[in-house]
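# Examining the three-dimensional arrangement
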Amino acid sequence: MTQAFLKKRSTIISATPPQAAPESVPQAPTDEAVDTDGSDASAEGELRAFVVGAAGHGQRLDRVLAMQVPEFSRSYLQQLIADGAVRLDGHPATRSAHRVRAGQRGEVELRPTPQSQAFLPEAMALDVVYEDAHLLVVNKPAGLVVHPAPGNWSGTLLNGLLARDPVASTLPRAGIVHRLDKDTSGLMVVARDRLTMDALVRLIAAREVSRQYLALAHRPWQGPARREVEAPIGRDSANRLRMAVVDLSRESGKPAVTDFELIANTPQGCWVRASLRTGRTHQIRVHMAHLGHPLVGDAVYGGAPAAGLERQALHAFRLAFTHPATGQPMTFQAPLPADLAAALRAWGLSYNETPLPPG
């Protein structure tokens, strides 16, 4: 970092956001919340001073900082606040929700965090099933984390995308627009340019991207072979690391709808197809547990290892959408991974992988 960059800067923070910065991507429903942390701090820090303007009076500290420092994500700034890197009127300000006052003077030290150093290219073998100038479709294996996060600051799909394609470094989250859990296998679409990324986010938000999953679950299926589950999902009040079906009149959460179809039953459990209408965190896993059918291997939601399978038995096997650039219908289908195919055989089940029609 140059000496010029290390000079203290001064600015007035207002409540009017600047022009959209590279990190400003519209959020869409996803299988897991997509946390943006595209910060790019170097090994040294920059001390940036600010004065809260009249329009920023009463705003949250993290919000006013994010509006004026758009090259860093809000989650990165929140960590700096928690780490004591922000001062107001000469005193540490360690709460992101702190309400600032007009005229307050402060400074923030933009310094490296584990997150800010996680966005580095790492060469890895990726199963790319389709690619053109605008997007690619990846078949993610179980065990691969999609995005850097606590406990997994390296070795993620994002790191692999950065190494595979230099263009990825110009996009928020390397073009990732939705996410699969670490132990869920299957198809994901990734953008290769900003216009395509924004368009894909809008398609997902409008529920115009079809995502279908295959799941192996405990206990034989009861009732009709086709079932719609409409049950809101929010944080589990008893365990904040889990999600749960919640009562929106008493708890915070979001509407969630999944369509389930029984493929086959066995005395040990059931083999089902799930189609997302919304994309909440752990949606299929939560809804299956809610029905009394936790997924095989999903210890978080009441499942257990079975049929030789240790990871959660969930595979995103089908992805369909209209190509944002060409307008052509795109449909992709991924074969079962070997571990899930072996689990089916162990339970005496088979799976016909005949491609489904578009739509």
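The following paragraphs examine the structure supplied in this document. Just so we're clear, the structure is a prediction, and the values are computed from it rather than from any experiment.

A separate point is the side chain of His323. If you trace the backbone, His323 turns up in the loop between strand 15 (314-322) and strand 16 (329-333). One polar contact links His323 to Asp132, side chain to side chain, over a distance of 2.7 Å. Excluding residues that lie within four positions of it along the chain, His323 makes contacts with Tyr130, Asp132, His134, Leu135, Gln328 and Met330.

This part takes up the side chain of Arg285. Structurally, the position occupied by Arg285 is in helix 6 (residues 283-290). The class of Arg285 is buried, set by a relative accessible area of 5%. Of the polar contacts made by the side chain of Arg285, one reaches the side chain of Gln312; its length is 3.3 Å. In this structure Arg285 touches Asp181, Leu295, Asp298, Val300, Tyr301, Gln312 and Leu314, once residues within four positions along its chain are discounted.

Further remarks concern the packing of helix 2 (residues 61-68) against helix 3 (residues 74-82). Contact pair helix 2 / helix 3: the axes reach a minimum separation of 9 Å and the direction vectors enclose 125°. As far as their axial angle goes, helix 3 and helix 2 are oblique. Here the hand of the crossing between helix 2 and helix 3 comes out right-handed. Contact with helix 2, carried on its side by Leu61, Asp62, Arg63, Leu65 and Ala66, involves Arg74, Leu77, Gln78 and Ile81 of helix 3 and no other residues of that element. Of the residues belonging to the contact of helix 2 with helix 3, the class tally is 5 nonpolar, 1 polar and 3 charged.

Rules used in this analysis
Residues numbered from 1 in each chain as written. Predicted model: local features only at pLDDT ≥ 70, side-chain atom pairs only at ≥ 80, totals over all residues. Heavy atoms only, no water. Helix = DSSP H or I, 4+ residues; strand = E, 2+ residues; numbered from the N terminus. Polar contact = N/O pair within 3.5 Å; in protein donor to acceptor, adjacent residues only side chain to side chain. Contact = heavy atoms within 4.5 Å. Buried < 20%, exposed > 50% of the residue type's maximum accessible area, 1.4 Å probe, protein only. Axes fitted to C-alpha atoms, helices over the stretch in contact; angles between N-to-C directions. Parallel < 35°, antiparallel > 145°, perpendicular 65-115°, else oblique. Left-handed = near helix turned anticlockwise from the far one by under 90°. Nonpolar A, V, L, I, M, F, W, Y, C, P; charged D, E, K, R; others polar.

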